[in-house]
Amino acid sequence: MDLWILFGSFVFLLAIGTPVAFCLGISSFATILYLGLPPVVVFQRLNSGVSVFALMAIPFFIYAGDLMVRGDIARRLVALAGAMVGHMRGGLGQVNIMASVMFGGVSGSAAADASAVGGLMVPQMKERGYAVDYAVNITVVASIIALMIPPSHNMIIYSIAAGGRISIADLFTAGIVPGFILALSLMVAAWFVARRRGYPTEAFPGFSALGGLFLNAVPGLILIAIIFGGVRSGIFTASESSNIAVVYALLVTFLIYRTLSWHDFVEATKAAVRTTAMVLMVIGCAASFGWLLAYLRVPTAMVALLKEISDDPLIILLLINVTLLILGTFMDMSPLIVITTPIFLPVATAFGVDPVHFGVILILNLGIGLCTPPVGAVLFVGCAVGKIPIWQAMRTIWPFYGAAFATLMLVTYIPQLSLWLPSLFH
């Protein structure tokens, strides 16, 4: 009955449109009352969930990304991407994907990537004769790349949800190769769709122009090296890295590019505060929910259940992936990471899966969920940027879903794609 109350109340509240944070908090509170535990336990767990020093990295990475967006960094990265891959079949579609790779290394957020890169690329693609659904589909699915490469906020959340036992530096490193494989898969899908529809290529501007655009974008690209190099080398922690990223973003946009106005600075600060408040509220309430799952021994029961189904790790990983893909269509990513990590990480490790490898699987899987209805936050952003209804995008998005799913299967069943690069630093 306690599990029925916990999950039943949560699903009911979610179904009637209650914000996810309140769904988690109210269902936890109702279950605590049923169990006869002191109600203050909910608030203690909520407080302990957000009182984690490593979480300090998230608001500052969000802030740095917003400053870079408003400081015109995205436009310079898109221009560089255009010179690099615009001559390939599908031209601006390939540019969109490459820009997501570079901007993802600055923002760490799929929604910010879809908004910034999509805001620049979708209007250009429409003007050059590309169908708006093609432009939106590429923008939406390519934004997942930002979740895989440093400074992915969700990698930090996963590390904390796993009890802080998993190195954030290892997670940052582990996502790089899968992130590039995802980008390559999407570029292949974009090439096939563009070839079938007869979309044009862009003229190659020449190596001198490419060099000039690269130099123009270098100050923004250096931020990626600061974040990854500093954390990976141990010079500073992820939290310290995020603070340095903010200072550097301010210096670049104020003193070098001189594109960040006082109004933009104020708006970036407000946006970072709002986003941080929402994220931490969800994490805190999810911590209460996750504590109850552990208290009710749900992870242990899940391990026993899956062992009854199969002893084959390949089958278990497939079942976990299918479950996560389904859950990702109904819930946002951050709360799902906090809720599902305590359940599925013990299952994965019981079958010999490395926790770092599982983290990459989890992030990529739930990232796909951000692009699927009915609660695909990034899908909503992309459709809003392109000004098209969701059903119009969904009719033709399947080649890009296929590329993302193929990447997920490769990452799931070839652990070295995630673990090879981190092993070089040990």
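Residues numbered from 1 in each chain as written. Predicted model: local features only at pLDDT ≥ 70, side-chain atom pairs only at ≥ 80, totals over all residues. Heavy atoms only, no water.

The protein chain is annotated in an unreviewed UniProt entry as TRAP transporter large permease protein of Hartmannibacter diazotrophicus. In UniProt, the protein chain has this text filed under Sequence similarities (unreviewed entry): "Belongs to the TRAP transporter large permease family." (UniProt positions renumbered as here; feature names shortened; annotations may be inferred.)

Participant: How do you make sense of the overall build of the protein chain when you look at a structure like this?
Facilitator: When helices and strands are tallied, the protein chain shows 23 helices and zero strands. Computed over the C-alpha atoms, the radius of gyration of the protein chain is 21 Å, within 12% of the 22 Å expected from 2.2 N^0.38 for a compact globule of 426 residues. In the protein chain, once contacts between residues fewer than 6 apart in sequence are set aside, the share between residues at least 24 apart is 80%. When the accessible surface of the protein chain is split by element, carbon and sulfur atoms take 70% of a total near 17,100 Å². Each charge sign in the protein chain was given a centre, from 19 positive and 16 negative side chains, and these centres are 8 Å apart. (Helix = DSSP H or I, 4+ residues; strand = E, 2+ residues; numbered from the N terminus. Rg over C-alpha atoms; globule rule 2.2 N^0.38 Å. Contact = heavy atoms within 4.5 Å. Areas by Shrake-Rupley, 256 points an atom, 1.4 Å probe, with all protein chains shown as cover. Lys, Arg positive; Asp, Glu negative; His and termini not counted. Charge placed at Lys NZ, Arg CZ, Asp CG, Glu CD.)

Participant: What should I look at first to understand the UniProt feature "domain: TRAP C4-dicarboxylate transport system permease DctM subunit" (unreviewed entry) in the protein chain in this one?
Facilitator: Here the UniProt-annotated "domain: TRAP C4-dicarboxylate transport system permease DctM subunit" (unreviewed entry) positions come out as residues 7-417. Along residues 7-417 the backbone is 79% helical and 0% strand, and the end-to-end C-alpha distance reaches 35 Å.

Participant: Got a minute to help me understand the environment of I361 in this structure?
Facilitator: With respect to the helices, strands and loops of the structure, I361 is situated in helix α19 (residues 355-369). With relative accessibility at 1%, the residue I361 sits in the buried group. Separated by 44 residues in sequence, I361 and L317 place their C-alpha atoms 9.4 Å apart. Ignoring anything within four residues of it in the chain, the contact list for I361 reads L317, N321, L408, V411 and T412. (Buried < 20%, exposed > 50% of the residue type's maximum accessible area, 1.4 Å probe, protein only.)

Participant: Whenever I open this one, unusual backbone geometry confuses me. Can you help?
Facilitator: Most peptide bonds take the trans configuration, and most residues that are not glycine carry a negative phi. A cis amide bond links P150 with the next residue in sequence, P151, at an omega value of 5 degrees. On the secondary structure map, P151 appears in the loop between α9 (145-148) and α10 (153-161). Notably, R258 is not glycine yet its phi reads approximately 55 degrees, a positive angle. Along the chain, R258 falls in the loop between α14 (238-256) and α15 (262-295). Positive phi outside glycine occurs at K387, with the angle close to 60 degrees. Its location among the elements puts K387 in the loop between α20 (377-386) and α21 (390-394). Given a relative accessible area of 72%, K387 falls into the exposed group.

Participant: It is not clear to me how the packing of aromatic side chains should be interpreted in this structure. Could you clarify?
Facilitator: Aromatic ring pairs are reported here in terms of the distance separating the ring centres and the angle at which the planes meet. According to the stated counting rule, one finds 13 aromatic pairs in the structure shown. Taken together, a centroid distance of 5.0 Å and an interplanar angle of 90 degrees make the contact between W191 and F192 edge-to-face. The class for F192 is partly exposed, based on a relative accessible area of 48%. Following the ring pairs from residue to residue traces out a cluster consisting of Y130, Y134, Y199 and F400. (Phe/Tyr/Trp six-rings, centres within 6.5 Å; stacked < 30°, edge-to-face > 60°.)

Participant: Looking at this structure, how should I read the side chain of T407?
Facilitator: Counting through the fold element by element, T407 comes out in helix α22 (residues 398-413). A polar atom in the side chain of T407 sits 2.9 Å from the backbone oxygen of A403. Contact partners of T407, with chain neighbours within four places excluded, come to P178, I181, L182, S185 and L364. (Polar contact = N/O pair within 3.5 Å; in protein donor to acceptor, adjacent residues only side chain to side chain.)

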